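Working through the structure, step by step
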Amino acid sequence: MVPRRGQKFLSVTLLLVEAACVAVVSGWVGGLSRNWALLGWPGPFADVAFSGSGDSLVAAGTIGRVGIDQSGKVFVCDSDRAIVRHVIADEEPIFAPCLCAASSEIDDSVYVGLANGAVVRVGATHSEVSTVLRPMLPAWPFNLDVSPSGSTVIAYGWDEITVTDGLSSDVVKLNEAGIERATCAVWSESERFLVVGVADKQGENGAVAILDVGEEFSLVANYALPDEVRSVDWNSASDRFCCAAGMVLFLFEFSGNRLTLLKQVNSSESEDVREVEFDPTGRVLASAGEDGSLRLWDARDLQHLDTILTTDEWVTGIGFNPRDSQLAATTSDGKIRMWDIDLQTASATPVKIGNGFDFHRGAVLISGWCVLRCIILIVRRQRKRFSLEV
């Protein structure tokens, strides 16, 4: 027989152990449930971009399968561990699949292009959403880029591009420059020129074209390529830009209104490259595509530095933090991944997604558990007293 005092001590000990287990499990599950980025969300992500301050990360995509009748989703995350702070889904004005995203350097926001042709601004600080460009069906934005001064260019995949500052919009016809389809576009650092990725109507051949913004977007230079251009990015530290056409990366220099091809390399052996982006210092270039790989290159000569991701899913979007060397990527299975890039050694360290433990959630659940346990004990005592009286 165990003494009564020993029984009480054993009961209290077991209760404390049970409480500790509940706290640990509930806190861990709570932290994990906050981290939808790690677990994946139903439907693919299409693109990702950091806010102008670099404090937030915005991932844009679709709920369910991509289609014009589906709803869009936008995740606003902390940039340190990609912990989800806010989700905007199936509500105005995110009422269509999100296809592309670009950060704005003049404010703490990200611009997102929707499948109905609209462009919305996501304020990453308070997660407010406002419409920059109204829907313009049958539009399908392939790419958008925000200039340092806040002007946005949108390429819809036809013979015109749209340039807007949020107050007014201009539609620039490109057929006079011989451009059949503008698939992507990026501002030069000076904002005087636009680099436009081009494809023919059959999607078999492409080109890059340089347009002079100050001369009514007249054609300054172009260079024919053997495949349609999927992505283009300007190196803010030089007069160079890189584009992806098919499975090949092309490095160009544009100086004195002269366009020169410096180098080309195969980035993939089987699938097309979908995204290219320079880091803010202009030292490293990241490329990703349909083969599920994410590669780092030396921005000077396109020497391969490292392959930091290999997955069976498409890498749909990549983005560098404008304030440091963080790199984020989204994939077609609805996940976000992040790395810290050492620009000196070009090495990548995966960022742990989520904090692993939600103390607030754990405290709430353990409080509820304590109340429930007290109720159970009271009910048991009342039953025991009632049985003794009977």
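Just so we're clear, the structure is a prediction, and the values are computed from it rather than from any experiment. (Residues numbered from 1 in each chain as written. Predicted model: local features only at pLDDT ≥ 70, side-chain atom pairs only at ≥ 80, totals over all residues. Heavy atoms only, no water.)

Attention now moves to the packing of aromatic side chains. Counted under the stated rule, the structure contains five aromatic pairs. Judged by centre distance (5.2 Å) and plane angle (15°), the rings of F241 and F252 are stacked. With F241 in strand β18 (residues 240-245) and F252 in strand β19 (residues 248-255), the pair connects residues that are eleven residues apart, well separated along the chain. This pair shows no difference in class: F241 is buried, exactly as F252 is. Put simply, the rings of Y223, W234, F241 and F252 touch in pairs and so form one group of aromatic residues. (Phe/Tyr/Trp six-rings, centres within 6.5 Å; stacked < 30°, edge-to-face > 60°. Helix = DSSP H or I, 4+ residues; strand = E, 2+ residues; numbered from the N terminus. Buried < 20%, exposed > 50% of the residue type's maximum accessible area, 1.4 Å probe, protein only.)

This part is about the confidence of the model for the protein. Put simply, the protein has an average pLDDT of 80, and 75% of its residues get 70 or more. The low-confidence segment residues 28-39 (pLDDT under 50) makes 31 contacts with residues lying over four places distant or belonging to another chain. Segment residues 355-360 is flagged for pLDDT under 50; beyond a separation of four residues in sequence, or across chains, it makes 15 contacts in the model. (pLDDT = per-residue confidence, 0-100. Contact = heavy atoms within 4.5 Å.)

All right, on to the sheet that holds strand β10 (residues 152-158) then. Strand order across the open sheet formed by four strands is β9-β10-β11-β12, with antiparallel pairing between neighbours. A strand with exactly one partner marks an edge of an open sheet, and here the two such strands are β9 (143-146) and β12 (169-173). Direction aside, the axes of adjacent strands within the sheet are offset by 20° on average. (Pairing = 2+ DSSP bridges. Axes fitted to C-alpha atoms, helices over the stretch in contact; angles between N-to-C directions.)

Looking now at the pattern of salt bridges. Going through the model one piece at a time under the given rule, you end up with eight salt bridges. Between E160 and K173 there is a salt bridge, with its nearest N and O atoms 2.5 Å apart. In this pair, E160 sits in strand β11 (residues 160-164) while K173 sits in strand β12, placing the two residues 13 residues apart along the sequence. By relative accessible area, which is 10% here, E160 ends up buried. Among the charged side chains, a network of salt bridges with common partners joins R230, D272, R274 and E290. (Salt bridge = Lys/Arg side-chain N within 4 Å of Asp/Glu carboxyl O.)

Another point: the side chain of D212. Relative to the helices and strands, D212 resides in strand β15 (residues 206-212). Assessed through its relative accessible area of 5%, D212 is described here as buried. Of the polar contacts made by the side chain of D212, one reaches the backbone nitrogen of G214; its length is 3.0 Å. Every residue in contact with D212, bar those within four places of it in the chain, is listed here: R192, F193, F217, S218 and V220. (Polar contact = N/O pair within 3.5 Å; in protein donor to acceptor, adjacent residues only side chain to side chain.)

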